[in-house]
Amino acid sequence: MNIPIIEIIDLHKSYTETAVHVHALRGVDLTIEKGEFTAIVGPSGSGKTTMLNIIGGLDRPSSGTIKIRGNDISNLSDNQLIDFRRENIGFVFQSYNLIPVLTAKENVEFVMLLQNRSQEERDARTLELMQAVGLADRMSNRPSELSGGQQQRVAVARALAPKPAFILADEPTANLDSVSTSDLLDLMANLNREEGMTFVFSTHDQRVIDRARRIVLLEDGKIISDERK
Amino acid sequence: MLFTVAWRNIWRSKTRTLVVIGSIIVGIWALVFLLGFFEGQVQNYMGNVIQNETSHLQYHHPRFKDDFESALVIPNSADILEELRTDAEIKATSERIVLNGMLASSAAVQGVMAIGVEPLAEQEVTQLDNKIVEGAPLDPSSKNQLLISRRMADKLKVKLRSKLVLTFQTATQEISSAAFRVAGIYQSNKRLNDELYIYANISDLRRLAEIPGSAAHEIAVVLHNFDEVEVKTIALSERHQDVLVENYRQLSPDLELMNSQIKINMTVMIVIFMLALIFGIINTMMMAVLERMRELGMLMAIGMNKGKVFLMVCLETLLISVIGAPVGIFLGFITIEILNRKGISLARWSAALEEFGMSDLVRPSLDASNYVLVAMAVVITGLLASIYPSIKATRLRPVEALRKI
């Protein structure tokens, strides 16, 4: 039997913000298998971001279990979590978050460098990924010289570079125009279809929701529907 | 790549980085110059003390300096002198008779230290004749001539060729007096000396104080090489064990005091400079870190561990700190070299400097070890300044940092 990529069991998360106690997640159970293309949707304050942060190992649950590739990450230390994220999770952020002082190539290469991969391996993989995202001719441009859509494609290449278990994308299209959004979704759908890469999005964007093959709807910290198309 | 990222990061805000580097350059330049100026002053003072007072070495009867008793002579002074004059390491020697006495004019009386010298030999050692501002140097063929200072002349209300009476103790413990005429008036750059020392021909004082021709109270020695002084002191002390051989440091303990005082001043200045620099750099780096919270959060999110984040911010801080150092040190070096040749005139304060026996022209100089010290201070400052911003950077929690706009 396949081990699920992500396995969440009875996840709770509460925190206190400006003297208000917030119960952001109230017993969430979710399993995501390899190759799924999942959108987590819901209104503001429904707990999407909190859930994504916990899946991404950026935050810890108050209770419950979160397993990535069968490994329980709920109780890892900060440094263990950093190492875990580097090897297992690719991030795509809403505002791209590329390193502005590095070129597109260097941005993609950066995580592999943190993984201590050899120069040849880094060069080969960077070229392969930049070709895959259609930006092989923009390798030596810095982020400020690229459009938003191009930057987000570099961010996808960077997320793929360490060969992660899945890619976590937080509102990846929020800052993109419709053409760029469509290009980006095509790119991610291709990667999902052809390479079996697992994607988990949080999104408000109907265009993303339309392309997703599984839609998990959160409200008030609970999953109220989980549909596969 | 970490170095590349750090290097490029510091140039993200070019103006800010250039302002910080510029202020570091100015700070280092000022520090190097001040250190050079202080060291120049020490050398000025030391040079004057050696030139006018102590020479490199002096010989005395072991107890002579206790109360300058005329009887306490170096009995074999002539032999020692002859030996010293054949020593290739020795440049010049001067034999002296030193008498404590009273000098009286028709108008006033003054306590003095009468130094009997061989004018030619003394000229080699202290360039006494160059300080004469009126009249002529002592003439060994004339009897009972005196060189007195301008101050002494004013106090005693005498002029050239005036008659003065010197009263002193002879080697046989008798009080004796003799009449002298003022042959020349000198002026040195140390008030205290001018008020104390008068010069006469050694033959006159020897005869009057009943000291044998082969004996003297003092032999002053100048070496060819200043660096040999310590070694030579030991060698000559061993060779002439019945007399006291001392070098300028032993003869003038205030030299050591001034040296240590200046070293303390230099250390205080370096520390103040480092503190000012540390806070300036911390301020800049904190701005750089706080501006980049999102980015640092992202770096940690994608797997850059805290050690590497710490190292990156450390590198940035260190780079900002040390880029300016070579320029600042070089500018300081050039300034010191130029001013060493030209000298800095302190003529406006010459009266005050005279009190301490310093000339009013300071030639800044700084030896290589002090340049190394400044360079090390900058690196240490950079390292110290990097700690706080780097720790601050690693304390960021990516989940919070990523939320910042």
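Since the model is a prediction, treat every value here as computed from it, not as a measurement. (Residues numbered from 1 in each chain as written. Chains lettered and ligands numbered in written order. Predicted model: local features only at pLDDT ≥ 70, side-chain atom pairs only at ≥ 80, totals over all residues. Heavy atoms only, no water.)

## Observations concerning the interface of chain A and chain B
With 28 residues of chain A in contact, the opposing surface of chain B contributes 22 residues. Together, the buried faces of chain A and chain B total about 2,300 Å²; carbon and sulfur atoms form 63% of this surface. Counting the contacts that link chain A with chain B gives three salt bridges. The interface formed by chain A and chain B includes eight residue pairs in polar contact (both at pLDDT 80 or more). For the side of chain A that touches chain B, the secondary structure elements donating two or more residues are α2 (78-88) and α3 (104-114) of chain A. Partitioning the side of chain A that touches chain B into residue classes produces 13 nonpolar, five polar and ten charged. (Contact = heavy atoms within 4.5 Å. Buried area = accessible area lost by both parts, 1.4 Å probe. Salt bridge = Lys/Arg side-chain N within 4 Å of Asp/Glu carboxyl O. Polar contact = N/O pair within 3.5 Å; in protein donor to acceptor, adjacent residues only side chain to side chain. Helix = DSSP H or I, 4+ residues; strand = E, 2+ residues; numbered from the N terminus. Nonpolar A, V, L, I, M, F, W, Y, C, P; charged D, E, K, R; others polar.)

## Quick word on the domain arrangement of chain B
Residue and element names in this part refer to chain B. Segmentation of chain B into domains returns domain 1 (2-49 + 255-401) and domain 2 (62-242). The C-alpha-based centres of domain 1 and domain 2 are spaced at 50 Å. Listed per partner, the contact involves ten residues of domain 1 and six residues of domain 2. Of the roughly 620 Å² buried between domain 1 and domain 2, counting both surfaces, carbon and sulfur atoms make up 38%. For the pair domain 1 and domain 2, the number of links is zero salt bridges. In this structure, the connection of domain 1 to domain 2 is made through one residue pair in polar contact (both at pLDDT 80 or more). Broken down by class, the residue content of the side of domain 1 that touches domain 2 amounts to five nonpolar, three polar and two charged. (Domains from an automatic or database assignment.)

## A look at the pattern of salt bridges
Residues and elements named next belong to chain A. With the rule as written, the count across this model stands at 36 salt bridges over all chains. Taking the shortest distance from any N to any O, the salt bridge between Asp-83 and Arg-86 comes out at 3.0 Å. Here the residue Asp-83 and the residue Arg-86 both occupy positions in helix α2, the gap between them amounting to three residues, near one helical turn. Among the residues examined, Arg-86 registers a relative accessible area of 10% and is labelled buried. In this structure, Glu-109 and Lys-105 form a salt bridge, with 3.1 Å as the shortest nitrogen-oxygen distance. (Buried < 20%, exposed > 50% of the residue type's maximum accessible area, 1.4 Å probe, protein only.)

## Considering a nonpolar patch on the surface
Residues and elements named next belong to chain B. Taken together, the side chains of Val-26, Trp-29, Val-327, Phe-330, Leu-331, Phe-333, Ile-334 and Ile-338 define a hydrophobic patch exposed on the protein surface, amounting to about 680 Å² of accessible area. Among the elements that make up the nonpolar patch, the one with the highest residue count is helix α13 (residues 306-342) (six residues). With respect to the helices and strands, Ile-334 occurs in helix α13. With a relative accessible area of 32%, Ile-334 lands in the partly exposed category. (Patch = residues over 30% accessible without salt bridge, like charges linked within 9 Å, V, L, I, M, F, W, Y side chains within 5 Å. Areas by Shrake-Rupley, 256 points an atom, 1.4 Å probe, with all protein chains shown as cover.)

## Thoughts on the nonpolar core
One finds A:Ile6, A:Ile55, A:Phe110, A:Phe166, B:Ile28 and B:Tyr59 to be the most contacted residues of the largest nonpolar core, which totals 116 residues. No other element matches the 16 residues that helix α11 (residues 253-291) of chain B contributes to this core. Looking at which domains feed residues into this core, each of domain 1 (2-49 + 255-401) and domain 2 (62-242) of chain B supplies at least three. Setting aside anything within four residues of it in sequence, one finds B:Tyr59 in contact with B:Ile74, B:Ile80, B:Leu84, B:His217, B:Glu218, B:Ile219, B:Val221, B:Leu236, B:His240, B:Val243, B:Leu244 and B:Val245. Membership of the second largest hydrophobic core comes to 33 residues, among which are A:Ala155, A:Ala159, A:Leu187 and A:Met197. (Core = buried A, V, L, I, M, F, W, Y, C linked by side-chain atoms within 4.5 Å.)

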